[in-house]
Amino acid sequence: MITCQEVSDWLLDYLSGELSENDRRAVDHHLGSCPACVSFVHSYRMTISLSRRLAAQPTPPELIERIQVRFTQAGHLGRM
Ligand SMILES: [Zn+2]
């Protein structure tokens, strides 16, 4: 079982299809039992598509970092 931290680390690769089959399955499995990560993935996707629409360029790393920090600060990681 992978942790929420790993999900957040792997998410970009997960969404771009660059994770290995095993890792992708591990993320899928985690998402199946962790509503917090599901909503994290959802807001992540929204942010990426929003920033693409606004700027027509890749999501800035600072933005991704800010989402990850907010996710971490929510105290969710402490539960694992
Ligand atoms: Zn999780």
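Residues numbered from 1 in each chain as written. Predicted model: local features only at pLDDT ≥ 70, side-chain atom pairs only at ≥ 80, totals over all residues.

Q: Break down the overall build of the protein for me, with residues and values.
A: Broken down by element type, the protein carries four helices and zero strands. Helices (α) and strands (β) of the protein occur, in sequence order from the N terminus, as α-α-α-α. Counting the 80 residues in the protein, one finds 12% classified as buried. Intrachain contacts of the protein at a sequence separation of at least 6 include 52% that bridge at least 24 residues. (Helix = DSSP H or I, 4+ residues; strand = E, 2+ residues; numbered from the N terminus. Buried ≥ 20, exposed ≤ 12 C-beta atoms within 10 Å, placed from the backbone. Contact = placed C-beta atoms within 7 Å.)

Q: Outline helix α2 (residues 21-33), listing residues and values.
A: Compared with an ideal rise of 1.5 Å per residue, which puts 13 residues at 18 Å, α2 spans 19 Å between its outermost C-alpha atoms and is within 8% of the ideal. Burial analysis of α2 places just one of its 13 residues in the buried class, a small minority of the element. (Expected span 1.5 Å × (residues − 1).)

Q: Any chance you could break down the nonpolar core for me, citing the residues and the numbers?
A: Membership of the largest hydrophobic core is limited to nine residues, which are C4, V7, L11, V27, C34, C37, F40, Y44 and F71. When residues of this core are traced back to their parent elements, those giving at least two are α1 (4-15) and α3 (35-55). (Core = buried A, V, L, I, M, F, W, Y, C linked by C-beta atoms within 7 Å.)

Q: Describe the packing of α1 against α3, naming the residues involved and giving the relevant values.
A: Interhelical geometry of α1 versus α3 gives an angle of 35° and a closest axis separation of 11 Å. Like other packed secondary-structure pairs, α1 and α3 cross with a definite hand, here right-handed. Within the contact between the two elements, α1 uses C4, V7, S8, L11 and L15 and α3 uses A36, C37, F40, V41, Y44 and R45. Considered class by class, the residues forming the contact of α1 with α3 number nine nonpolar, one polar and one charged. (Axes fitted to C-alpha atoms, helices over the stretch in contact; angles between N-to-C directions. Left-handed = near helix turned anticlockwise from the far one by under 90°. Nonpolar A, V, L, I, M, F, W, Y, C, P; charged D, E, K, R; others polar.)

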